[in-house]
Amino acid sequence: MKEIIEVKKGTGGLSRVVVGEVIGELRSWLPQRRVIVVTDANVHRRYKQIIDSFEHIIIGMGETNKTLYTVERVYDELIALGADRECFILGFGGGIVTDVTGFVASTYMRGLPFGFVATTLLAQVDASVGGKNGVNVEGYKNMVGVFNQPEFVLCDTSLLRTLPEREFRAGLAEIIKAGIIADPQLFSLFETYSLEEFRQDGALLTRIITASVRVKAAVVEADEREGGVRKKLNLGHTFAHAIEKCSSEFLHGEAVAIGTAMMAGVSVRLGVLSEDEAERIRRVIVRMGLPVESGVDVKRLLKALKLDKKRDADRISLVLIDRVGSCEIRKTPFAELEKLFV
């Protein structure tokens, strides 16, 4: 079973997201030009036979390597390889790899074409889809970046079989988020099926990945550069990024789960969401084995929020939940937000 989701680029053309057992098709998706792979040591070790058939650059693993220092090192290696504007850059890995690769490819020699093989669930449903490519500065998430969509993203579900359970659960947080934003039927699947069923049933996994990508693709097509409706994709991320700034305990998806639960609570306090719907959201997050609390003092989180890239002077754009399947964007003064946690 294979699904292809086409995402229109603002500059014309299409970015294609391919979901299914498709790694064997990699060569057919690559252009007839020189290909240079960017990956990390863990992915290289696991898929050595594939990656070693290309020139490749290996970067460090983990969020601490998603920096301008890493970007500069990749530039240096591209120069050493004699990479020119006829090259194609392939990011092969999880969200850190795809973010760094997309940023490098978009800026090296003023831009090279690129594509992704996404090897984690989080990368398949979020990090590698939609054209946001960026790196962190001083621990603040994605403070430097570009909007530029890949030529393709291969989301091979068979690559997820060896994914540690914690990372699999973290990826589910982004799919739950997509359901809350625009697909109540997708959300309801998490009330019906267990974590183990999502892990073991390939058809079910393809179904939820495809549904999540379709939500994101529709939003990106409507607002590629985040001038309006695309901000809805930030549901849970405002607090998630603050949590990641203040604590190294959580994976990104876990922080998103906590942030989503927090925004459900904020939405209730602002009279937008019912208590019953908020509890429904919390229940699904917990059901998938994800956290709903960070243990970080709220004052520290609010301080980190004031340096979030989504701030606008003394306000920040919050994604509030009206109900499962519908959200709204509201610019909220920090002073008003702080009162909600007194």
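Structural notes, computed from the coordinates. (Residues numbered from 1 in each chain as written. Predicted model: local features only at pLDDT ≥ 70, side-chain atom pairs only at ≥ 80, totals over all residues. Heavy atoms only, no water.)

## With respect to the overall build of the chain
- From N to C terminus, the chain includes 15 helices and 12 strands.
- In terms of its C-alpha atoms, the chain occupies a principal-axis envelope of roughly 55 × 45 × 35 Å.
- With 342 residues in all, the chain has 55% of them scored as buried.
- Taking the intrachain contacts of the chain between residues at least 6 apart in sequence as the baseline, contacts between residues at least 24 apart amount to 69%.
- Surface summary for the chain: the accessible area is close to 14400 Å², and the carbon and sulfur share equals 48%.
- When the 46 basic and 46 acidic side-chain charges of the chain are each reduced to a single mean position, those positions are 3 Å apart. (Helix = DSSP H or I, 4+ residues; strand = E, 2+ residues; numbered from the N terminus. Buried < 20%, exposed > 50% of the residue type's maximum accessible area, 1.4 Å probe, protein only. Contact = heavy atoms within 4.5 Å. Areas by Shrake-Rupley, 256 points an atom, 1.4 Å probe, with all protein chains shown as cover. Lys, Arg positive; Asp, Glu negative; His and termini not counted. Charge placed at Lys NZ, Arg CZ, Asp CG, Glu CD.)

## A closer look at the sheet that holds strand S4 (residues 55-59)
- Taken in spatial order, the seven strands make up an open sheet running S1-S2-S9-S6-S5-S3-S4, and their pairing is mixed. Taken across any chain shown, the strands that pair with only one partner, and hence form the sheet edges, are strand S1 (2-8) and S4. Taking each pair of neighbouring strands and ignoring which way they run, the sheet shows an average axis angle of 15°.
- Across five bridges, strand S5 (residues 88-93) lies against strand S6 (residues 114-118) in parallel orientation. For Gly 91, the partnering residue across the bridge sits in S6 and is Phe 116.
- Contacts between helix H4 (residues 68-81) and the sheet are confined to strand S3 (35-40), S4 and S5, with S4 contributing the most and set at about 160° to the helix.
- Lying over the sheet, helix H10 (residues 202-222) contacts S1 and strand S2 (14-20), oriented at roughly 10° with respect to S1. (Pairing = 2+ DSSP bridges. Axes fitted to C-alpha atoms, helices over the stretch in contact; angles between N-to-C directions.)

## So, the pattern of salt bridges
- Taken as a whole, this structure holds 23 salt bridges when the rule is applied.
- We note a salt bridge from Glu 21 to Arg 161, for which the minimum N-O separation is 2.4 Å. Taken together, the positions of Glu 21 in the loop between S2 and helix H1 (26-29) and Arg 161 in the loop between strand S9 (152-156) and helix H7 (165-182) put the pair 140 residues apart, joining distant regions of the chain.
- Accessibility expressed as a relative area gives 58% for Arg 161, which makes it exposed. (Salt bridge = Lys/Arg side-chain N within 4 Å of Asp/Glu carboxyl O.)

## So, H10
- Taking 1.5 Å per residue as the helical rise, H10 with its 21 residues ought to reach 30 Å, and the 30 Å between its terminal C-alpha atoms agrees with that figure.
- The backbone nitrogen of Ala 203 has a side-chain oxygen 3.1 Å away, supplied by the residue at the start of H10, namely Asp 201. (Expected span 1.5 Å × (residues − 1). Polar contact = N/O pair within 3.5 Å; in protein donor to acceptor, adjacent residues only side chain to side chain.)

## Points about the environment of Thr 162
- Along the chain, Thr 162 falls in the loop between S9 and H7.
- The exposure class of Thr 162 is partly exposed, given its relative accessible area of 46%.
- Separated by 116 residues in sequence, Thr 162 and Arg 46 have C-alpha atoms that sit 9.7 Å apart.
- Once you skip the residues sitting within four places of it in the chain, Thr 162 turns out to touch Arg 46 and Tyr 47.
- Looking at Thr 162, its side chain comes within polar contact range of the side chain of Arg 46, at 3.5 Å.

## Observations regarding the pairing of S6
- Taken across its five residues, S6 has five buried, putting it largely inside the fold.
- Where burial is concerned, the two faces of S6 agree: the one with Phe 114, Phe 116 and Ala 118 and the one with Gly 115 and Val 117 are both buried.
- The handedness of the S5 to S6 crossover, carried by helix H5 (residues 95-107), is right-handed.
- Taken together, the two bridges between S6 and S9 define a ladder with parallel strand orientation. (Right-handed = clockwise from strand over helix to strand, strands pointing away.)

## What about the pairing of strand S7 (residues 132-137)?
- Alignment of S7 against strand S8 (residues 140-147), held across five bridges, turns out to be antiparallel. Across the sheet, residue Gly 134 finds its bridge partner in S8, namely Gly 145.

## Considering H7
- Under the 1.5 Å per step criterion, the end-to-end length of H7 is 26 Å for 18 residues, consistent within 8% with the ideal 26 Å.
- The buried fraction of H7 amounts to 14 of the 18 residues, a majority that puts the element mostly inside the structure.

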